[in-house]
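# A look at the structure
Next come the chains, spelled out residue by residue.
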Amino acid sequence: MSLSAWGVWQTDLADKFLTCKYLQTCSLVGRTATITHRNTGDLPLYLKLQTSICASILACIWAMPTIASDGQTPETAQPNVLFIAVDDLAPALGCYGDLVAQTPNIDRLASSGVCFRNAYNQLPLCNPTRASLMTGLRPDTIKVYDLDRHFRDEVPDVVTLPQAFRRAGYSVERIGKIYHYNVPASIGTDGFDDPPSWDKTTNPKGRDKAEEHLITNAEPHRKISAALSWLAAGGTAEEQTDGMIASAAIQRLRARHERPFFLAVGFFRPHTPYVAPKQFFDLYPIEKLRLPWAPSGDRDDIPTAAFAHNCPIANYGLDEPTLLAATQAYYACVSFIDAQVGRLLDALEEQGLSENTIVVLWSDHGYHLGEHAGVWQKRTLFEQCAKSPLIIRAPGAAGQGDCRRIVEFLDIYPTLTDLTGIVTPKEAEGRSLVSLLQDPLADWDGNAVTQVLRPADDRLSEPVMGCSIRTSRYRYTEWGEGEYGRELYDHHSDPGEFSNLALDPSPADQATIRRLRQMLHQKASGKRPTTPFNPARL
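Description of the structure in this document. Nothing here was measured: the structure is a model prediction, and the numbers come from that model. (Residues numbered from 1 in each chain as written. Predicted model: local features only at pLDDT ≥ 70, side-chain atom pairs only at ≥ 80, totals over all residues. Heavy atoms only, no water.)

## Some words on the pattern of salt bridges
- A full pass over the atoms with the stated rule returns 34 salt bridges.
- The partner of Asp-87 in a salt bridge is Lys-177, with the nearest N and O atoms 2.6 Å apart. Here Asp-87 is found in the loop between β3 (80-86) and α3 (104-112), whereas its partner Lys-177 is found in the loop between β6 (171-176) and β7 (200-202), with 90 residues between them in sequence.
- The class of Asp-87 is buried, set by a relative accessible area of 0%.
- Residue classification places Lys-177 among the buried positions, given a relative accessible area of 0%.
- The salt bridge partner of Glu-212 is Lys-209, with a shortest N-O separation of 3.3 Å.
- What makes Glu-212 partly exposed here is its relative accessible area of 25%. (Salt bridge = Lys/Arg side-chain N within 4 Å of Asp/Glu carboxyl O. Helix = DSSP H or I, 4+ residues; strand = E, 2+ residues; numbered from the N terminus. Buried < 20%, exposed > 50% of the residue type's maximum accessible area, 1.4 Å probe, protein only.)

If you want it as structure tokens, here you go:
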């Protein structure tokens, strides 16, 4: 980060101290200065003291509030935040190694920031995962497991991530979907919002809402919100709801900012129905697409509870041409959203905001496109659903490229407060990722816990909580504290999670299960909740 971002007077003063020839490097991330100096072992004492004093004063200079070079208030020198959420986006991105996806703009962001290749959500369903991320609290703390319960029912006084920025003097605005919405029914409304989180909200509604009657529904017995359904739309990208969301956000970026801003921009696709302009469908000829491979009998060693209640039958019983058409539509939506992200990044550059704006891109959870011989959409604890895209570009951070450390979405809250010098609530259950933004290879020793609640149905006699822990080597999952099954996958030898070692565990596997189970229950109880939940909305 350039010193000028913290004020002209700081630059002048800091330059004087930087001329001390014994100082070697100085860097700043958030409000933390890192200074190294050359070996002073053979220097006279007074020169050693000069070096030490220079380093200490320089750290203090960079940590102090400033007057920005444009004469604005001190707060405007703090970094802005562009907080981009994408609904139901799997790591189906070029920067995550997907060979099909055409996502040049998100890939561009990943190459200029840190792409967390192993980031995991807390519960792969829209409302719980967003509530957890925005509060920095685990599902078992906020007691949100379905699409109906609001986190303030359990923790009425919690300070959400945008609230923390409001309290710190930021201008905080939401455009589109950040908290839960029923999609597409609630597009154009506030959805399941949290009013205390925002100074201002904007809810665009595009031609996709007016053209829902044109949508192809491969499962007519289900609503388009839950079915494999799609539309290669006419018109331009800017006429779609997500195009309008990008346009509204660009308008805000172009406005004069009297205060630092926290701008939350939430896109609705690729959530079903998969709607995007036809030009994006044309990027993915169906004849070049394939369904995911799975070994014969892949499902034989997987517990029944592991398969989501909304997809109990492989591939919904649909034929391959229909499934490939759905795959094409999903990828078309991914490229459509990528184009909107590109517009936002271009606007940041055009307005000269890139050097003082933290950019975060995340999806609420992963997504299935037919893995494990026919699993689709969300609500599972497999890798494809528990893992989610997370990219952070922070001004001044030295790290760039891939980070393969295990991180959780709970970590986003304390990371952003750390980067901006805002106090992190003591209740927050994540940890700051700033050290990984500085060095993606830094020691970390992290693990991630994801959970999901199953309703009682014709497969399960009672509601069953599933909990899963992911370490750098293993994924261990148990259903109903193990009563309804266990899974153990060794990602060193089985990254596709095709061989469930918990079915017939060796003595070494049994020891691994005992160790991982203890770690798992430090973060998730695995018990059926005693608080209200709606079985029809799990």
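On we go from here.
## Quick look at the packing of aromatic side chains
- Within this structure, the stated rule accounts for 15 aromatic pairs.
- Between Phe-83 and Phe-262, the ring centres sit 5.2 Å apart and the planes meet at 40°, which makes this aromatic pair tilted. On the criterion of sequence distance, the pair formed by Phe-83 in strand β3 and Phe-262 in strand β10 (residues 261-267) is long-range, its members being 179 residues apart. The pair Phe-83 / Phe-262 is uniform in exposure class, with both members buried.
- Both rings, one in Phe-165 and one in Phe-262, keep their centres 4.8 Å apart while their planes meet at 45°; by these two values the pair is tilted. Taken together, the positions of Phe-165 in helix α6 (residues 161-167) and Phe-262 in strand β10 put the pair 97 residues apart, joining distant regions of the chain. Note on accessibility: Phe-165 and Phe-262 belong to one class, buried.
- Each member of the aromatic cluster is reached from another via a ring pair, and the members are Phe-83, Phe-165, Tyr-170, Phe-262, Trp-362 and Phe-409.
- Positioned above the aromatic ring of Phe-307 is the side chain of Arg-299, whose terminal nitrogen or guanidinium carbon lies 4.3 Å from the ring centre.
- In this arrangement the basic side chain of Arg-431 is found over the ring face of Trp-444, its NZ or CZ atom lying 3.6 Å from the centre. (Phe/Tyr/Trp six-rings, centres within 6.5 Å; stacked < 30°, edge-to-face > 60°. Lys NZ or Arg CZ within 6 Å of the ring centre and 35° of its normal.)

## What about the sheet that holds strand β4 (residues 114-116)?
- Pairing within the open sheet is mixed, and its eight strands lie in the order β7-β6-β10-β3-β12-β15-β4-β16. Edge positions in the sheet fall to β7 and β16 (401-403), since each has one partner strand and no second. Going from strand to strand, the sheet's axes swing by 15° on average, the running direction of each strand aside.
- Where β4 lies against β16, three bridges are found, and the strand directions are parallel. When the bridges of β16 are listed, Cys-115 appears paired with Asp-402.
- Seen against the sheet, helix α4 (residues 126-135) touches β3 and β12 (357-363) and runs at an angle of roughly 165° to β3. (Pairing = 2+ DSSP bridges. Axes fitted to C-alpha atoms, helices over the stretch in contact; angles between N-to-C directions. Contact = heavy atoms within 4.5 Å.)

## Things to note about the nonpolar core
- Grouped together as the largest cluster of nonpolar side chains are 65 residues, with contacts concentrated most on Ile-84, Leu-228, Phe-267, Tyr-274, Tyr-330 and Ile-391.
- Taken together, the elements giving at least two residues each to this core come down to β3, α3, α8 (241-254), β10, β11 (274-277), α9 (278-281), α10 (320-350) and β12.
- The element best represented in this core is α10, accounting for 17 residues.
- If we ignore the near neighbours within four places in the chain, the residues touching Ile-84 are Val-265, Phe-267, Val-341, Leu-344, Val-359, Val-360, Leu-361 and Trp-362.
- Formed by 47 residues, the second largest nonpolar core is a distinct cluster that contains Phe-116, Met-134, Leu-137 and Trp-362. (Core = buried A, V, L, I, M, F, W, Y, C linked by side-chain atoms within 4.5 Å.)

## What about α3?
- Buried within α3 are the following residues: Asn-105, Ile-106, Leu-109 and Ala-110. On an axial view of α3, the arc spanned by its buried residues comes to 145°, and they lie on one face.
- Contact partners of the buried residues in α3: β4, α10, β12, β15 (390-393) and β16. (Arc of directions from axis to C-beta.)

## Points about the sheet that holds strand β19 (residues 464-470)
- Ordered by their spatial adjacency, four strands build an open sheet running β18-β19-β20-β21, and the pairing between neighbours is antiparallel. Two strands bound the open sheet, and with one partner strand each, they are β18 (448-454) and β21 (486-490). Between one strand axis and the next, the sheet turns by 10° as a mean value, whatever way the strands run.
- Summarising the sheet, strand β20 (residues 474-479) and β21 pair through five bridges and their orientation is antiparallel. What sits directly across from Thr-477, in β21, is Glu-487.

## Here's the deal with the environment of Arg-254
- Residue placement: Arg-254 occurs in helix α8.
- Arg-254 gets classed as exposed once you look at its relative accessible area, which sits at 53%.
- It is 7.6 Å that separates the C-alpha atoms of Arg-254 and Ala-347, two residues lying 93 residues apart in sequence.
- Not counting residues within four places of it along the chain, the set of residues in contact with Arg-254 comprises Glu-350 and Gln-351.

## Considering the state of the cysteines
- Scanning the model with the defined rule gives zero disulfides in all.
- Cys-115 takes part in no disulfide bond, and the closest cysteine sulfur, belonging to Cys-95, lies 4.3 Å away.
- Taking the relative accessible area as the measure of exposure, Cys-115 reaches 0% and is therefore buried.
- As a non-bridged cysteine, Cys-403 has Cys-115 as the owner of its nearest cysteine sulfur, 9.3 Å distant.
- We classify Cys-403 as buried; its relative accessible area is 0%. (Disulfide = S-S within 2.5 Å.)

## Considerations on the environment of Thr-304
- Looking at the secondary structure, you find Thr-304 in the loop between α9 and α10.
- We classify Thr-304 as partly exposed; its relative accessible area is 44%.
- For the pair Thr-304 and Leu-460, spaced 156 residues apart in the sequence, the C-alpha separation amounts to 8.4 Å.

## Some words on unusual backbone geometry
- With an omega dihedral of 15°, the bond running from Arg-269 to Pro-270 counts as a cis peptide bond.
- Here Pro-270 is to be found in the loop between β10 and β11.
- Here the amide bond leading from Thr-272 into Pro-273 is cis, since omega sits at -5°, within 30 degrees of zero.
- Tracing the backbone through its elements, the reader meets Pro-273 in the loop between β10 and β11.
- For Arg-379, which is not a glycine, the phi torsion comes out positive at approximately 70°.
- Considering the arrangement of structural elements, one finds Arg-379 in the loop between β14 (375-377) and α12 (383-386).
- Unlike most non-glycine residues, Asp-445 shows phi in positive territory, near 55°.
- Along the chain, Asp-445 falls in the loop between α14 (434-438) and β18.
- Take Asp-445: its relative accessible area is 75%, and that puts it in the exposed class.

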